[in-house]
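Given next are the chains, with one letter for each unit.
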Amino acid sequence: MTVPPAARAQDSAWVDPLLGLCVGALGGAPQGVLLAIPLAQRISLGCLFGLIFGLFFAKRATSPGAGLIWALAFALLAWIVLPAGLLPLFRGAHSFPHSQAMLSDARSQFPLLVAFVICLGMPVGLALGVRGVLQSRDTAAKFRWGRAIVAGGFAGTLGGIIFGRWVASGDYFPLLAGYGDLAVSRNATILLHFGVALLIGATFGILFQHDVRGYGSCMGWGLGYAIFWWFLGQLTLLPWAAHQPLDWSAEHAAAVFGSLVGHILYGLILGVAYATLDRFWIRLFFQSDPLNREVEGAGIHILRSLAWGAMAGLAGGIVASPLLFATGILPKVAGLDTSFSGIRGILIHLLVSTLIGMTYGLLFRNEASSLGLGLPWGWLFGLIWWYAGPLTLLPLLLTGVCDWSTDAASALLPSLMGHLIYGAVTALTFLLLERRYTRWLLLDPRIAAREARKVRPVGTPAPALWFFALGLGVLLPILLG
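Just so it is clear, the structure is predicted and the values come from calculations on it, not from any experiment. (Residues numbered from 1 in each chain as written. Predicted model: local features only at pLDDT ≥ 70, side-chain atom pairs only at ≥ 80, totals over all residues. Heavy atoms only, no water.)

**Quick look at the overall build of the chain**
A count of helical and extended segments in the chain gives 18 helices and 0 strands. In the chain, buried positions account for 49% of the 481 residues. Of the contacts formed within the chain by residues at least 6 apart in sequence, a portion of 81% connects residues at least 24 apart. Surface summary for the chain: the accessible area is close to 22,300 Å², and the carbon and sulfur share equals 69%. (Helix = DSSP H or I, 4+ residues; strand = E, 2+ residues; numbered from the N terminus. Buried < 20%, exposed > 50% of the residue type's maximum accessible area, 1.4 Å probe, protein only. Contact = heavy atoms within 4.5 Å. Areas by Shrake-Rupley, 256 points an atom, 1.4 Å probe, with all protein chains shown as cover.)

Rendered as structure tokens:
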């Protein structure tokens, strides 16, 4: 007997909050043990977390990946509002104008941030996401296990090869930084590194197959998933596997901050590799209809994206220049002794801005359908380039080494705001240029239907990704610096 949709919706109205409450209670129990906090208090907080998430976010948890990213974003929001924000104010720990006191108090609450992410956000999100898949048979039928595991596994391994080749010469493996001193051979260490990379890549494909749509968004999901794996792997699983006591303090997190940067860069490589392999898989096995061809050839499409990206990047560089001048960042490159003053520095800055804008055109075309959606992708693009540019690539080009310590990140914090402004202006300018071109395409009903399929539908976990990745991507260098 088939259950009517209305009856299923009525059942889920109480089943989802109840499931969230139970899973939250189970997650709160080990949290209380690890943080030496009264068990009843932690279980109550876990129940409240799961109940609220089940009431307000269960409909968004249409897959395990969607449930995970929404729950992680909610965990970050709960930490910002409660232990790091309102509760210290209510207790009179500090007054609002004393930002240094607020920062110090937030650092003391860092173990709770890890606990919220690992013990509450992860289990509650995955549980409700699995339930969402079981409820929606159509979504489950469209999921391709082979595509997810093969593409994700290859992408993770390829990212491990590229990244491992880069850092292996120095015997530093960021994906294993939480394991301590490995008393094994170099070959065994490399195999373990690739094993972790394969695991991250395969689970990435399984969780986010329905959410990634292009190179840019896939990089964003890779960044967010890499930050999550830094919490799960470096701060939790690897110390536990090495039989070391778990240390979720801000001091320990600052000591492995370089591993966070390494995870983020690996996540970006994973995102690009997965998007490439996934697109190849789709064209090889699914897109055989010649009516789905593009109006123009791939060469014209790429050249136009590069031209629009160059103009958008130039506009972003011009707008961001006053802030970089005011903070003293523009005359200096990557916080190093190398400096370019005067007109020369401005020209180099605008040239680099133009070149980076060209990468936005290639990676983020067709990602946003409105100015409101383009803005967070631009912020994410600026954050990506802050980690990849002044923190990594520029020091490598100028000195041959890069410094991923908290001191180096703190010295470059003023440029982070400039990168965010640059990314926002670049995204908005590119979207305006893109809109002018696509207007005439919509005159053809067949082309209009195809363009509509490229637009990210309402209800996807993209807003949760923006909040989680941007929030922690900006907050962690400040909090741990």
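**Quick look at the packing of helix α14 (residues 371–399) against helix α18 (residues 462–480)**
The geometry of α14 relative to α18 is characterised by a closest axis approach of 10 Å and an angle of 35 degrees between their N-to-C directions. The two elements α14 and α18 meet at a crossing, and its hand is left-handed. Here Leu 373, Pro 376, Trp 377, Trp 379, Leu 380, Leu 383, Trp 386 and Tyr 387 of α14 come into contact with α18, specifically with Leu 465, Trp 466, Ala 469, Leu 470, Gly 473, Val 474 and Pro 477. Looking at the contact of α14 with α18 residue by residue, the class counts come to 14 nonpolar, 1 polar and no charged. (Axes fitted to C-alpha atoms, helices over the stretch in contact; angles between N-to-C directions. Left-handed = near helix turned anticlockwise from the far one by under 90°. Nonpolar A, V, L, I, M, F, W, Y, C, P; charged D, E, K, R; others polar.)

**Re the nonpolar core**
The nonpolar side chains of a soluble globular protein tend to be buried, and buried together. Ranked by size, the top nonpolar core spans 106 residues in total, and within it Phe 110, Phe 228, Trp 230 and Phe 231 carry the most contacts. For this core, the leading source of residues is helix α5 (residues 110–135), giving 13 residues. Among residues more than four places away in sequence, those in contact with Phe 231 are Phe 110, Leu 113, Val 114, Val 117, Ile 118, Thr 236, Leu 472 and Leu 476. (Core = buried A, V, L, I, M, F, W, Y, C linked by side-chain atoms within 4.5 Å.)

**Quick look at a nonpolar patch on the surface**
Among the surface-exposed residues, Leu 77, Ile 80, Val 81, Leu 82 and Phe 467 lie close enough to one another that they form a single nonpolar patch of about 350 Å² accessible area. No other element matches the 4 residues that helix α3 (residues 64–90) contributes to the nonpolar patch. Leu 77 sits in the partly exposed class, given a relative accessible area of 37%. (Patch = residues over 30% accessible without salt bridge, like charges linked within 9 Å, V, L, I, M, F, W, Y side chains within 5 Å. Salt bridge = Lys/Arg side-chain N within 4 Å of Asp/Glu carboxyl O.)

**Comments concerning the environment of Leu 391**
Structurally, the position occupied by Leu 391 is in helix α14. Judged by relative accessible area, Leu 391 falls into the buried class, the value being 2%. Here the alpha-carbon distance between Leu 391 and Cys 402, two residues 11 residues apart in the chain, equals 7.0 Å. Here Leu 391 is in contact with Val 261, Trp 386, Cys 402, Asp 403, Trp 404, Ala 408, Ala 409 and Leu 412, once residues within four sequence places are set aside.

**Some words on the pattern of salt bridges**
Taken as a whole, this structure holds 2 salt bridges when the rule is applied. The partner of Asp 16 in a salt bridge is Arg 131, with the nearest N and O atoms 2.5 Å apart. On the criterion of sequence distance, the pair formed by Asp 16 in helix α1 (residues 5–34) and Arg 131 in helix α5 is long-range, its members being 115 residues apart. Owing to a relative accessible area of 18%, Arg 131 belongs among the buried residues under this scheme. Salt-bridge contacts for Arg 365 lead to Glu 434; the nearest nitrogen and oxygen are separated by 3.7 Å.

**Examining the environment of Ser 63**
Position of Ser 63 relative to the elements: it lies in the loop between α2 (39–56) and α3. Overall, Ser 63 belongs to the buried group, its relative accessible area being 8%. A C-alpha to C-alpha distance of 10.0 Å links Ser 63 and Pro 461, two positions 398 residues apart in sequence. When sequence neighbours within four positions are dropped, the list of residues in contact with Ser 63 reads Gly 129, Val 133 and Leu 207. Polar side-chain contacts of Ser 63 include one of 3.1 Å to the backbone nitrogen of Ala 66. (Polar contact = N/O pair within 3.5 Å; in protein donor to acceptor, adjacent residues only side chain to side chain.)

**Things to note about helix α9 (residues 215–241)**
Across its 27 residues, α9 extends only 34 Å between first and last C-alpha, which sits more than 12% below the 39 Å expected from 1.5 Å per residue. A bend of about 40 degrees at Gly 233 is the largest found in α9. Most of α9 sits out of view: 23 of its 27 residues are buried. Looking one or two residues past α9, His 243 carries a phi angle of roughly 60 degrees, positive in sign. (Expected span 1.5 Å × (residues − 1). Bend = angle between axes of the 7 residues up to and from the residue.)

**Digging into the side chain of Ser 305**
In this fold, Ser 305 is placed in helix α12 (residues 298–326). Note on Ser 305: relative accessible area 2%, which makes it buried.

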